[in-house]
Amino acid sequence: MGDARRTSTPPELLIDADAVHTVCRRFITEEFKKIGVRNAILGLSGGIDSALVAFLTADAIGADRLRTYILPYRTSATSSRDDALAVAHALGCSVEEVPISAGVDAVEASLPAGTPITPIQRGNIAARMRMITLYHESARHDGVVMGTGNKSEAMIGYTTLHGDAACAINPIGDLYKSQVRALAAHLGVPDAILTKAPSADLWPGQTDEGEGGFDYPTLDRILFRLVDQGASADAVVADGFDQALVARIQQMIAASQFKREMPPFPKITT
C-alpha cells in the first residue's frame, strides 16, 4: 500500500517542477556535449531516485541513448526488478539484467579471514560490485555513468564511496528526497515507485527510514534548516523538532563530510 505522507512535499521544500525539470534537462544535455560521449549508463534499482534520473536522461538525450541495467543480488526483492523493468518499458530504453551474487561471493571469499561480514558490509560490497559493472559497460558503450544520489542521502552520508556515490554526473544531487518525489510525480514516474517505502534493498524487509530511525520529510526539513539556512541546532529545536534527532542529524552531517569532498592532500607545488 502507498503512503500519502511519502508523496507530499513539506511547504519549505516546494519546488517549481517545470523550472527544475528544465534546469536538469539542460544540465544533462550540456554535460554530454562537454564530455563528448554518446550513451548514458544507469543502474535501475526499482527505487525513485534511479527512476527519476532515467526519466530526466531519456528526456534530455533520448531513450535510444539510455542504457539501463538491473543488478540484483540473491536477496534483492522481486518487486525491485519489476519496478525497474516498468521504468525501462515506460521509457522504451534498453535494459539488461546482470546478477551480481557470484561477484559479491568471490569478493567475500577473497577477503582476509576473521570477523563475519555484516549485512551493512555486504551491502557496501554489492554497491561497489554494481558500480564495477556499470563502469565496465560505460567503457564498452561509449558512455558515462549517471549518478542517482539525492541531497538527503549525501548530507547524512547514507551512501557508499566507490559504490552508489560513484558517477560522472548526477542530475538530482541538489534535490532533497521530498523534492525528488515531487519531480518524479510531475514527470510521470509509475505510482508503485512513487509510493513505496524507500529501501536500499540491503536485506529482506529493509527500509531506509526504518534503519535510519527517521522519516524523510522530517529529515529534509531539518537538513534544510541546518544546511541551506545555516540555522543552529538550538534554532531548529526551537522550531519544533526533536532535540535528540536534530543532534543526531548534525553529527551525521559532520561525520560524513569526507564523503562529500575529494580526498585531502598536502600542497607541494607553488
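Before any of the text, the structure's been laid out above.
The paragraphs below set out a description of the structure included in this document. (Residues numbered from 1 in each chain as written. Predicted model: local features only at pLDDT ≥ 70, side-chain atom pairs only at ≥ 80, totals over all residues. Heavy atoms only, no water.)

### Regarding the pairing of strand β1 (residues 39–43)
Logical step 1: A large share of β1 lies buried, amounting to 5 of its 5 residues.
Logical step 2: Across the two faces of β1 the burial is the same, with Asn39, Ile41 and Gly43 and Ala40 and Leu42 all buried.
Logical step 3: Relative to strand β4 (residues 143–145), β1 runs parallel, the two sharing 3 bridges. Bridge pairing in β4 links alanine 40 to valine 144.
Logical step 4: For β1 and strand β2 (residues 66–70), the ladder comprises 4 bridges, and the chain directions are parallel. The partner of alanine 40 across the bridge, within β2, is leucine 66. (Buried < 20%, exposed > 50% of the residue type's maximum accessible area, 1.4 Å probe, protein only. Helix = DSSP H or I, 4+ residues; strand = E, 2+ residues; numbered from the N terminus. Pairing = 2+ DSSP bridges.)

### Regarding helix α3 (residues 48–61)
Logical step 1: Taking 1.5 Å per residue, 14 residues should reach 20 Å; α3 reaches 20 Å between its end C-alpha atoms and fits that length.
Logical step 2: Burial analysis of α3 places 13 of its 14 residues in the buried class, the great majority of the element.
Logical step 3: Following α3 by one or two positions, glycine 62 has its phi on the positive side, about 105 degrees. (Expected span 1.5 Å × (residues − 1).)

### Section: the packing of aromatic side chains
Logical step 1: Going through the model one piece at a time under the given rule, you end up with 1 aromatic pair.
Logical step 2: Of note, lysine 177 hangs over the ring of tyrosine 216, and the distance from its end group to the ring centre comes to 5.3 Å. (Phe/Tyr/Trp six-rings, centres within 6.5 Å; stacked < 30°, edge-to-face > 60°. Lys NZ or Arg CZ within 6 Å of the ring centre and 35° of its normal.)

### Focus on the layout of surface pockets
Logical step 1: The computed volume of the second largest pocket comes to approximately 520 Å³.
Logical step 2: If you go around the second largest pocket, you meet 21 residues; those closest to its centre are Thr159, Leu161, Ala165, Lys259 and Arg260.
Logical step 3: Here the residues of the lining of the second largest pocket sort into 9 nonpolar, 7 polar and 5 charged. (1 Å grid on protein atoms, 1.4 Å probe; cavity = no way out; pocket = protein on both sides within 12 Å on 5 of 7 lines; lining within 4 Å. Points joined across faces, edges and corners; volume = space filled by probe spheres on them. Nonpolar A, V, L, I, M, F, W, Y, C, P; charged D, E, K, R; others polar.)

None of the figures reported here should be taken as evidence of function without further support.
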